[in-house]
Amino acid sequence: MSLCFCSNLKPSILFPESKFRWIQTRTRPVSFTKLIQTKYSYRGCIKAVGEEIGVLSPDDSLSERNPVIEEEPVPETEVNEVENGVASVVAEGKAQTWISKSENKEKLDEEDENASRFKLRNGKEVFEEKAYLVGVACKGDTEDSFGIEESLKELAQLADTAGLLVVDSTYQKLSSPNPRTYIGSGKVSEIKSAIRAFDVETVIFDDELSPGQLRNLEKAFGGDVRVCDRTALILDIFNQRAATREASLQVSLAQMEYQLPRLTRMWTHLERQAGGQVKGMGEKQIEVDKRILRTQIGVLKKELESVRKHRKQYRNRRVSVPVPVVSLVGYTNAGKSTLLNQLTGADVLAEDQLFATLDPTTRRVQMKNGKEFLLTDTVGFIQKLPTTLVAAFRATLEEIAESSILVHVVDISHPLAEQQIEAVEKVLSELDTSSIPKLMLWNKVDKAEDPEKIKLEAKMRNDVVCVSALTGEGLDEFCNEIQNRLKDAMVWVEALIPFDKGELLSTIHQVGMVERTEYSEKGTLVRAHVPLRFARLLTPMRQMCVS
Ligand SMILES: Nc1nc2c(ncn2[C@@H]2O[C@H](COP(=O)(O)OP(=O)(O)OP(=O)(O)O)[C@@H](O)[C@H]2O)c(=O)[nH]1
Ligand SMILES: [Mg+2]
């Protein structure tokens, strides 16, 4: 994984440390990636279980992937020859050859190992760093929230999506997080041992760390171990996946805002190099960096504004044909894009990874009765969603406030479906969507343990439809339900449409529900349910009808 906090900044200014190199990628304009550092220390596995401390492997498959590399065995015959001292010169020569051969072999092995750790993710080559996950369960956490083990499992999924290799994880129960290091000092030592044993390159915390905690932990773990938190990980995934200009700008903005208070560590090496003689130099430089970052943030905000303006113009043009808009919202991986693809034949990326979709996609759904509506797919939500990301994506998400109906897609086969529903509702409440009618869609019923029971339960509730976006089961029922609800959200109109406005009549048929049409000398008298926005367009013709 490349943790690209400030991907738009010049390397020479902000990241002078030699361990970072800069890479030009196709979708990421500039990013920095840690140079591969190869170590040849003995690697083993440790597991520690204390009274209050549990160690878990987030996923069995992850432990299998944990590479335990044995030390290179010395070839017996070669050693014997040297040890026997048959011909010392030759033996020495042989020994030398063997040493250089063995060094070469080590080097080649290292290269092989490193080469195999480059993985293709979203069309980009990502170096698969070894990651160790850490969580904290606070006593005040409510029972109905995600449990620590589940939260760590989700973190492991996030790490995997980002292209990291999770070697193990641990958590600690605390009454409250340690203000200095987030976890207790005993836990810090335990993680240090794990870092050595697994040759860990990145330690990821399940909660957002303060800049001070981040710094102290990096100091405590020492060496080249990178410490990051859930927020940085999610930001990195978004960065890897941003495909459009708007998404890239949104993510860069969120990353910079996240990075601004965390710049401190970048320049401490200056003071170290100068033997402490230029004390304060680092501090001055941090101020310079912060100023540069603030300027960059300002530039990004302006650029984002202009991209959004452009999109709004495009949307307004779309609004002129008042087809009702139905938006899909829901937890990441719930199946929103699969549903959009099934209903519209779209080709939106849908895969078993978190945050497959970042940009809203809208497609027309043609129903069997000839009616149509627009279906919009949106970015998925997650618990502990970084605040900087909510802010950056607010404008994209605010579009859903213009929908006629919100469909909350739920992966009903997920063991934490209820908690996921809660997390989504929390974000929705922040987006002021209370006035929009909502329909809950229990998806992946084919995957549920007891599909019949789930279907029965859904039938008993009038706000839920049960489907399988993958197999297509229940999709007709879903469309009918949308149709009924759209009708409820429409207004009744009687309008006299002049013959020269024939296109309006066909739009009424397309987006509304026509009850009756009569032809007169002045035009066509139509009685129908139409969307509110469209009813407004018809105002002059409605008046003609009254007169
Ligand atoms: N068994 C089963 N799998 C499904 C169903 N719907 C979606 N999936 C799978 O669930 C995974 C996630 O689906 P997506 O459509 O990408 O989910 P999403 O909600 O768009 O996810 P994000 O874009 O990450 O928010 C994919 O592997 C789908 O094939 C379903 O009804 N049944
Ligand atoms: Mg999606």
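Residues numbered from 1 in each chain as written. Chains lettered and ligands numbered in written order. Predicted model: local features only at pLDDT ≥ 70, side-chain atom pairs only at ≥ 80, totals over all residues.

Going by an unreviewed UniProt entry, the chain carries the name Hflx-type G domain-containing protein and comes from Solanum lycopersicum.

Peer 1: Any chance you could break down the packing of helix α8 (residues 230-241) against helix α9 (residues 245-259) for me, citing the residues and the numbers?
Peer 2: Their axes nearest at 9 Å, the elements α8 and α9 cross at an angle of 155°. Viewed along their axes, α8 and α9 adopt a mutual orientation that is roughly antiparallel. In terms of crossing hand, the pair formed by α8 and α9 is left-handed. Residue-level inspection shows Thr231, Ala232, Leu235, Phe238 and Asn239 of α8 in contact with α9, the latter providing Val251, Ala254, Gln255 and Tyr258. Of the residues contributing to the contact of α8 with α9, the split by class is 6 nonpolar, 3 polar and no charged. (Axes fitted to C-alpha atoms, helices over the stretch in contact; angles between N-to-C directions. Helix = DSSP H or I, 4+ residues; strand = E, 2+ residues; numbered from the N terminus. Parallel < 35°, antiparallel > 145°, perpendicular 65-115°, else oblique. Left-handed = near helix turned anticlockwise from the far one by under 90°. Contact = placed C-beta atoms within 7 Å. Nonpolar A, V, L, I, M, F, W, Y, C, P; charged D, E, K, R; others polar.)

Peer 1: Got a sec to walk through unusual backbone geometry? Specific residues and values, please.
Peer 2: The backbone of Phe355 sits at a positive phi, close to 55°, despite the residue not being glycine. Mapped onto the elements, Phe355 comes out in the loop between α12 (336-344) and β11 (361-366). Phi at Lys444 takes a positive value of approximately 60°, unusual for a residue other than glycine. Structurally, Lys444 can be placed in the loop between β14 (438-443) and α15 (451-460). On the basis of neighbour count, Lys444 is assigned to the buried category, with 25 C-beta atoms found within 10 Å. (Buried ≥ 20, exposed ≤ 12 C-beta atoms within 10 Å, placed from the backbone.)

Peer 1: Account for the sheet that holds β11, with residues named and values stated.
Peer 2: What holds strands together in a sheet is hydrogen bonding between their backbones, with the strands either parallel or antiparallel. The 6 strands lie next to each other as β11-β12-β10-β13-β14-β15, forming an open sheet whose pairing is mixed. Edge positions in the open sheet fall to β11 and β15 (464-466), since each of these has one partner strand only. Strand-to-strand twist of the sheet, defined as the mean angle between neighbouring strand axes without regard to direction, takes the value 30°. Note: β11 against strand β12 (residues 372-377), 6 bridges, orientation antiparallel. Looking across to β12, one finds that Val365 is bridged to Phe373. Its contacts with the sheet place helix α14 (residues 417-430) against β10 (325-330) and β13 (405-411), and it is angled at close to 150° to β13. Against the sheet, α15 contacts β14 and β15, and its axis sits at roughly 150° relative to β15. (Pairing = 2+ DSSP bridges.)

Peer 1: How would you explain the pairing of strand β6 (residues 130-138) if you had to name every residue and give the values?
Peer 2: Across 9 bridges, β6 lies against strand β7 (residues 165-174) in parallel orientation. Looking at β7, one finds that Tyr132 is bridged to Asp168. Inspection of the sheet shows β6 paired to strand β8 (residues 202-205) by 4 bridges, in the parallel sense. Looking at β8, one finds that Leu133 is bridged to Ile204.

Peer 1: Which residues make up the packing of helix α5 (residues 148-162) against α8, and what values do they have?
Peer 2: Between α5 and α8, the shortest axis-to-axis distance is 9 Å and the interhelical angle comes to 35°. Note on packing geometry: the crossing formed by α5 with α8 is left-handed. For the pair α5 and α8, the contacting residues are Leu155, Leu158, Ala159, Thr161 and Ala162 in the first and Arg230, Leu233, Ile234, Asp236, Ile237 and Gln240 in the second. Residue composition of the contact of α5 with α8, by class: 7 nonpolar, 2 polar and 2 charged.

Peer 1: I'd like a rundown of the pairing of β10, residues and numbers included.
Peer 2: The element β10 is largely enclosed, with a buried count of 6 among its 6 residues. Of the two faces of β10, the one holding Val325, Ser327 and Val329 and the one holding Val326, Leu328 and Gly330 are both buried throughout. Across 4 bridges, β10 lies against β12 in parallel orientation. Opposite Leu328, over in β12, you have Asp377 as the bridge partner.

Peer 1: Hey, could you go over the sheet that holds strand β17 (residues 513-519) for me, with residue numbers and the actual values?
Peer 2: Pairing within the open sheet is antiparallel, and its 3 strands lie in the order β16-β18-β17. The open sheet terminates on both sides in strands that have one partner only, identified here as β16 (490-498) and β17. For this sheet, the mean inter-axis angle between neighbouring strands, taken without regard to orientation, is 15°. Relative to strand β18 (residues 523-531), β16 is paired through 9 bridges, and the arrangement is antiparallel.

Peer 1: Outline the domain arrangement of the chain, listing residues and values.
Peer 2: In terms of domain boundaries, the chain breaks down into domain 1 (37-67 + 122-240), domain 2 (76-116), domain 3 (259-315), domain 4 (321-487) and domain 5 (490-546). Computed from C-alpha atoms alone, the centre-to-centre distance between domain 4 and domain 5 is 32 Å. With 8 residues of domain 4 at the interface, the matching set in domain 5 holds 9 residues. Its residues assigned to classes, the side of domain 4 that touches domain 5 shows 5 nonpolar, 1 polar and 2 charged. (Domains from an automatic or database assignment.)

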